[in-house]
Structure formats: structure tokens, C-alpha cells
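An overview of the molecular structure
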Amino acid sequence: MAQFVPNKTAQKHVGGYHNREFPIPTWLILLILLVVSVLPLTFIAVGSRWMSTRLLMDRSLELQRAMVEGRASAIDFFLEERRRALETFANANSLQSLTQNEALPRVYNLLNDVYRGAFEDLGVIDAEGKHLAYVGRYNLLDKNYRHTEWFRVVNTRGSYISDVFWGYRKNPHFVIAVLHKTDRQRWILRATINSKTFDALVSTAKIGKTGEAFIINREGYYQTQSSSEKMLNKSLLREIRRHDDVESRRIIEQGKAIIQTTAWINSGRWILVVRQHEQEVSAPVDQATFWGALIVIIALVLLIATNVSATWYLTRRIDNANRQKDLYYRDLLQSAKTASLGEMAAGLAHEINKPLAIISAEQTNLWDQLEEIDLDENDKETLINSIERCKRQVERCAIITQKMLRFGEQAEASYEATDIIPLIKETVHLMEQQAHERNINLRLDIEPNVPRVRVDATEMEQVIAHLINNSLMSIENSGSIVISLKRNEYAVELAVRDSGVGIPKEILERICEPFFSARPIGKGTGLGLSVCVAIVRSWGAEIDVQSDPGQGTIVTIRLPVADTSASAEKHHETKVLSCEFSNSFAQRDERR
Amino acid sequence: MIDGKKRLLLVDDEVEFLDAAAKTLERRGFFVCPVQDGETALMILKRQSFDVVILDVKMPGIDGIELLLRIKKRLPQLPVVLLTGQSTNRQASEMIRKGAFECLCKPCAIDKIAEVARAAVNRH
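Attention in this report is confined to the structure presented alongside it.

Cut-offs used in this document
Within each chain, residues carry numbers counting from 1 in the order of the written sequence. Here chains are named by letter from A upward and ligands by number from 1 upward, in the order in which they appear as written. Since the coordinates come from a predicted model, pLDDT governs what is reported: local features require at least 70, and pairs of side-chain atoms require 80 or more to be given and counted, while whole-chain, interface and lining totals use all residues. Side-chain measures here rest on the full set of heavy atoms in the structure, leaving out hydrogens and waters. In this description, a line fitted to the C-alpha atoms serves as the axis of each element, helices being fitted only across the stretch in contact, and the angle between N-to-C directions of two axes falls anywhere from 0 to 180 degrees. The secondary structure listing takes helices from DSSP runs of H or I that are at least 4 residues long and strands from runs of E that are at least 2 residues long, numbered from the N terminus. Comment on the angle field: the value is read as roughly parallel under 35 degrees, roughly antiparallel over 145, roughly perpendicular from 65 to 115, and oblique elsewhere. Left-handed describes a crossing in which the near helix is turned anticlockwise from the far one by less than a right angle; the clockwise case is right-handed. The contact criterion used is simple: two residues touch if any of their non-hydrogen atoms lie within 4.5 Å. Put simply, Ala, Val, Leu, Ile, Met, Phe, Trp, Tyr, Cys and Pro go in the nonpolar bin, Asp, Glu, Lys and Arg in the charged bin, and everything else, Gly too, in the polar bin. Residues forming no salt bridge and having over 30% relative accessible area are the ones grouped into patches, like charges within 9 Å of each other and nonpolar side chains (Val, Leu, Ile, Met, Phe, Trp, Tyr) within 5 Å. Using a 1.4 Å probe, the Shrake-Rupley method yields the accessible areas, and only the shown protein chains count as cover for residues. Every case where a carboxyl oxygen of Asp or Glu lies within 4 Å of a side-chain nitrogen of Lys or Arg is listed as a salt bridge. The rule is short: rings of Phe, Tyr and Trp, with Trp giving its six-membered ring, pair when the centres are within 6.5 Å, and they are stacked under 30 degrees, edge-to-face over 60, tilted in between. A ring has a charge above it when a Lys NZ or an Arg CZ is no more than 6 Å from the ring centre and no more than 35 degrees off the ring normal. Buried means the residue's accessible area, taken with a 1.4 Å probe over protein chains only, is under 20% of the maximum for its type, while exposed means over 50%, and partly exposed covers the values in between. Here a polar contact is taken to be a pair of N or O atoms separated by no more than 3.5 Å, where protein atoms must pair a possible hydrogen donor with a possible acceptor and residues adjacent in sequence count only if both atoms sit in side chains.

1. Digging into the packing of helix α2 (residues 26–92) of chain A against helix α4 (residues 103–114) of chain A
Between two packed helices, what matters for the description is the angle formed by their axes and the separation of those axes. Residues and elements named next belong to chain A. Direction vectors running N to C along α2 and α4 enclose 150°, while the axes themselves pass 12 Å from each other. Of the possible angle classes, the one that applies to α2 and α4 is roughly antiparallel. Where α2 crosses over α4, the handedness of that crossing is right-handed. Between α2 and α4, the contacting residues are Ala85, Leu86 and Phe89 on the first element and Val107, Leu110 and Leu111 on the second. Grouping the constituent residues of the contact of α2 with α4 by class yields six nonpolar, no polar and no charged.

Right, dumping it as C-alpha cells:
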């Protein structure tokens, strides 16, 4: 199908035009948009993750430090409280009273009542290191502590809280000892702290499932039970530097990150160590990160979808704009081409018409003189035949030059709301005789109440006549031509359908070009249909030609309805090409 | 009118056409005065009277339209037929509005010219 509908024709051309005028490919636009939008989002996401991780970790560590600080104070308080209790009892009782039979057990029971079984045993030791009295489950009465470390220190300092040691009982334990000194006497009240009670106290510093809490001394020996190490084992912890308050650090142990918080206790002799796997510490951070990442992914998906659809929509709009531009450009070129051709054709026709007029006049002259000359009948007939042939050829040339002239001439057309039904009927009536002679059935199929259309009446007649004439020429023996007129939603559709030979596909695209004719040379000027197309387009109408070789051709013209055509006014100013077939203008005017 | 012949002033810049057309029109019963340009035609019209004037539209100097207007100004009753090698329906109508009796398109048969000239003479 040869389409002269602007959008259709523009399709092929647009590809090249698009590439020429809009060289950025869609994928590049999309990439730029994605980079521009996704990059900031990614930066925000990564930055937020970094910030929130840092804040949450800081907060977690701060809580851990606060908790460890509290536990350290509690442990220090525990030790100090017991030391003071022993001191009080030592001051309140004399050596004599304590070494009497029931006195020490009474004190022992009293202390354990007050401090909930914190003391494992209790003993009174004289200045020589000898046990004077003992309450506890070990048989230590005969033991002498003169050479032990704790005995030496307590005599020097007055009180002492030992590290954990094996001692005579062969069991890890630590002692609290206080020296009671008067002018006459020096003796020591010594208690062993129940390690279970102490361990229970220390273990309250444990945090979470992976947490552990223990105490080591300055040399690194465990002072309490740890989850992995026994008491008095040497700790593998790196030497912990002396520090004030509480300190947290991240260490890697067996490939696992551990957060370790330490506090020095017991007057700087012990270190409370609280450890927790970093994974557990950062669990809330990880959870927050998970939800954050989910939101970012959803945002990215939405962003990509928005970008893709926006790019698709915009490029489609640009393509459409380019198509439109291309169409105008093409129409402009076509108009310029047609105008140049028309000018040339008109000039040429005028120049040919002059000698034709002379030939025509001379030929009439010859004819007149032949009548007067006495000649042999045969010779006369031969001459008459020659003159007649000349006359026919002049007429033929005249028809061609007339068409050229009409093609080239620009005239102001009068666009008015026109009822085209009478025009169609009149034109069909004029051509009926010709159709009848050729055994062609020429009929009308007109819907009632077809609205008026904004066209020039003369041009309309010309177009209908030409289309019917084309159809007549395309039917070889007999056939039919149907001229139909109907209304669709937006336009009035005029169609001329014939049962002729049809138009081969290869020439269908060219039939509207000026001077292109599918007929044998001399049978057609190739101007008729191009003039029709120019006229129809000047009305703001569309024309398309559909043809099946062997089946026939349908030419359809879609005319804008007069009442709804917004572009009607501009037509008054439009210059168009017109074509005329008649020799006598006056006769034609009279007919109008 | 001379010897029953209608007096016809034929104006065309093409000598060959003028010659051939004049001869034929003479035979069709006209007294033809062939003139090659507008100035001469106006001059002759001042001295002689004619029954009909046939003008070529496109001529050097005073063209056919100008000549038509001048003739119609001076001799409104004198019928003028225009010959043109380049015209359209509307231009022809325009010429008729300006006073031409008819507008014929070249090349047309001399017999047609004679027929129109006769009709012009008869109508006036």
C-alpha cells in the first residue's frame, strides 16, 4: 500500500533523521540517568551504614564499659567490705577471747550470716606464723605461715588480699588477712574467700551469649574460673597495659573478632576482663543494616524502573517530535521541488505552445488552400490525411502542455464548506457515457447525511474526474468502478474502487511523483495523480492508494469535516497547485 | 465593415502566427489587420474602427492585459478576445471580468478563433 498519510510516510525517513539530529543513543541516556541518580543514593546508603554502624558500636561499647565499671566497683566493694569486717572483728576481740574454744566459730558463723557464706574458713595466726585457732573444713591448725608471701606482706602493710594460690590445701583460693597490733601483741585474723561466691559475683559481669568475665592478676594468671581456662592457668591475653578507668579494645582471637573491656581492680593488682564476640555486639547494627539495605534495594529498583520508563517515554517523545520535524522538512522539500518543477513546466509549456499555435494556424491555412487547388483525388486524400495527422499531433501536444501549465500554475483556491455529493454525481454523470461505451459499470454508493467538507469545488471535481479516468484506463475489457462516500468518526471518506489491472508493487511508491506514468509512453503525462495528491494535501486531507495487481485499485481520500476542522481558516490563504483538462475556460466557467 | 467583412485587429508578437492566422481568418470572412505590438495597435485603433480585436496576452512592451484595459477604457463596446499560451481557469475568469469577451488558450484551432470572433461581433 502506498501511503501518503504523513505519519506512515515519515516512518522510514525518521530513522536516518533521528540518527543525524539526535545522536545520543537511548542506552547512553539511560546510563547517564542511572549514574546520576544511583550514585548519590549509593553514597548516601554507604555513608548512612558507616555512620549508623559507628554510632551503634560506640553506644554498645559505652554500655559495656559502663557495665564493667559497675562490676569492677562491686568487686572492689566486695573485697573491701570483707577486709573491713575482719578488721572490725580483730579490733573488737582480744587474741585471748578468739582463741578460746567457741569464740572463733561464733565469729565465723556471724560473718557468714552477714555476708551469706562468703568465708570458707577463718583462722588466728600469731606473730610467728603459727595457727592459734582455726574454723573451716581443712585441718590447718598445725600449719606455720612464717615463710609465706601473704604473711610477709600483711606484717608489713597491716592488711592484705592475696592472689589466688594453691597453699597447703592444694586447692586454688585467696585470702584476706588483717594484722592486729597492740603494744603487747601482734596477731593476724585471716579468712579464705569462698571461690564459688566470688566466681558468681565476677560472672555477673558476663554479657550476652558469647560473653565471659574473669579476673587475672598482673602476671596473667586466672584468678577466677573462665569459660575456657581453669583457675591459675596462665592467660594468653597479651599483656594489658596499665590504664585508668575502663578500656575497650577489639582483638582477633582464633579468627574471631572479640570486644574486650578491662578494668583494674583490687588496688591495681587484678584486672577484670569482660569479653564478648563482636558479632553479638554488632547484632543490632547488622539488623539495622539489613533493613537499611532492603530499603536501599527497593529504592534502587524503583529508581531504575523510573529511569527506564522516563527514558523510554522521553525518547519516544523526542522520536515523535523528530518525526514531525522530519515530516515538515520533507513536505517543505517536496513543496520546493514541486514549485521548481511547476515553474519549469509552465515555462516549457508556454514556449511549446507558441510554435504549436503557428503550426495549427499554418495547418488550417494548408487545409484551406488544398480546397482551392485542383488536384488528383488520391493525392488530395493523401495530403488531407497528412494534415489531419499533423492536427491530431498538435492537439495531443496541446493536451500535454495544458497539463503542464496547470501543474505549474499556482492559483488561489476557494475553500468553503461544500456539499460534495452533487459534485460527485455531476462528475460521474459526465463520465457515464464513456464508461458505458467501454462496458464498465460506474456506480455510486453514497451514505445519506454526509457532512459538508472544506474543499474547493472545482478542485474536487477535478480530483474525482481524474480518479475515475484513471480507473477507466485501468480496466481492459469490462469491469466496475464504485465511487463511495461515507462518514467515519473524524472524516468523510471518499473512495474510488475499480476492478482494473491494479498497480504493481514496485511502482506503487512512485505513482504520485510528477511525470511518473505507469502507462505506455504517450498515453499519460504522469502529472494527473501528482496534481491530485497536491490538491488533496492542500485541503489538509489524506490520500492513500491500495492496489492488488490483477484485483484492482482503491484510492481513498479522507476529508476533514467542515464544522470541526480547526485548520479551515488557514486554507483561505493557502496557495495550491491546480490542474485543468479543458481547453476553453469560458465554457468551464459557464458550466460552474 | 468592409465589403460585408468584419474588421478584425489581430495583435501578436509572433510574425509567423500573425501571418498564418491572418490569411486563414481572411478566408473565414474577416478583414484582418495584423499588428505586432500594443503601441501600433493603439495607434491604429485611433485612426480606424474595428468590429473585434484579438490580442495575445504575452507581448513585449504593452502586454495583452494592459492593451485590453486601454481599449476598454476608450472603446468599451469593442469586443476583445484574448489569446494566451499560459493561463488558468481563474486567470481567464479574471480577464473576462476585466472586459474580455473570451479568453482562448493557445494552441487553438483558427476556426475556433474565427467562431469566437464572429460570436463577439454578433453579440455587440
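There's plenty left to go through after this.
2. Description of a nonpolar patch on the surface
Taken together, Trp27(A), Leu31(A), Val35(A), Leu39(A) and Phe43(A) make up a surface patch of nonpolar side chains, about 560 Å² in accessible area. Along the chain, Trp27(A) turns up in helix α2.

3. Describing the packing of aromatic side chains
Within this structure, the stated rule accounts for ten aromatic pairs over all chains. Residues Tyr115(A) and Phe119(A) carry aromatic rings whose centres are separated by 6.1 Å and whose planes lie at 75° to one another, so their mutual orientation is edge-to-face. Among the aromatic residues, those joined into a ring-pair cluster are Phe78(A), Phe174(A), Phe198(A) and Trp270(A). In this arrangement the basic side chain of Arg82(A) is found over the ring face of Phe78(A), its NZ or CZ atom lying 3.5 Å from the centre. Across from the ring centre of Phe50(B), 4.9 Å away, lies the NZ or CZ of Arg7(B), which sits over that ring.

4. Focus: the pattern of salt bridges
Residue and element names in this part refer to chain A. All told, the structure shown has 24 salt bridges over all chains when counted by the stated rule. With its nearest N and O atoms 3.0 Å apart, the salt bridge here joins Glu149 to Arg152. With Glu149 and Arg152 both in helix α5 (residues 149–157) and three residues apart, this pair spans about one turn of that helix. Judged by relative accessible area, which is 45%, Glu149 ranks as partly exposed. For Arg152, a relative accessible area of 48% translates into the label partly exposed. Residues Glu212 and Arg275 are paired through a salt bridge, measuring 3.9 Å at the closest nitrogen-oxygen approach. Of the two residues, Glu212 is situated in strand β7 (residues 212–217) and Arg275 in strand β10 (residues 270–277); the sequence distance between them amounts to 63 residues. What makes Glu212 buried here is its relative accessible area of 12%.

5. Here's the deal with the environment of Thr418(A)
Residues and elements named next belong to chain A. Assignment of secondary structure puts Thr418 in strand β12 (residues 416–418). Looking at Thr418, the relative accessible area reads 11%, which means it is buried. What Thr418 contacts, discounting residues up to four positions off in sequence, is Leu423, Arg452, Val453, Val455 and Ala457. Only 3.3 Å separates the side chain of Thr418 from the backbone oxygen of Val455, close enough to count as a polar contact.

6. Concerning the packing of helix α2 (residues 38–47) of chain B against helix α3 (residues 64–74) of chain B
Residues and elements named next belong to chain B. In the contact formed by α2 and α3, the axes pass within 11 Å of each other and the chain directions differ by 15°. In terms of their interaxial angle, α2 and α3 are classed as roughly parallel. As α2 packs across α3, the resulting crossing turns out to be right-handed. Within the contact between the two elements, α2 uses Gly38, Ala41, Leu42, Leu45 and Lys46 and α3 uses Leu67, Arg70, Ile71 and Arg74. The residue inventory of the contact of α2 with α3, partitioned by class, reads five nonpolar, one polar and three charged.

7. Focus on the environment of Phe151(A)
All names here are of chain A. By secondary structure assignment, the location of Phe151 is in helix α5. Given a relative accessible area of 4%, Phe151 falls into the buried group. Taking the C-alpha atoms as reference, Phe151 lies 9.9 Å from Ser162; in sequence the two are eleven residues apart. Discounting chain neighbours no more than four positions away, the residues touching Phe151 are Ile125, Asp126, Ala127, Glu128, Gly129, Tyr145, Arg146 and Ile188.

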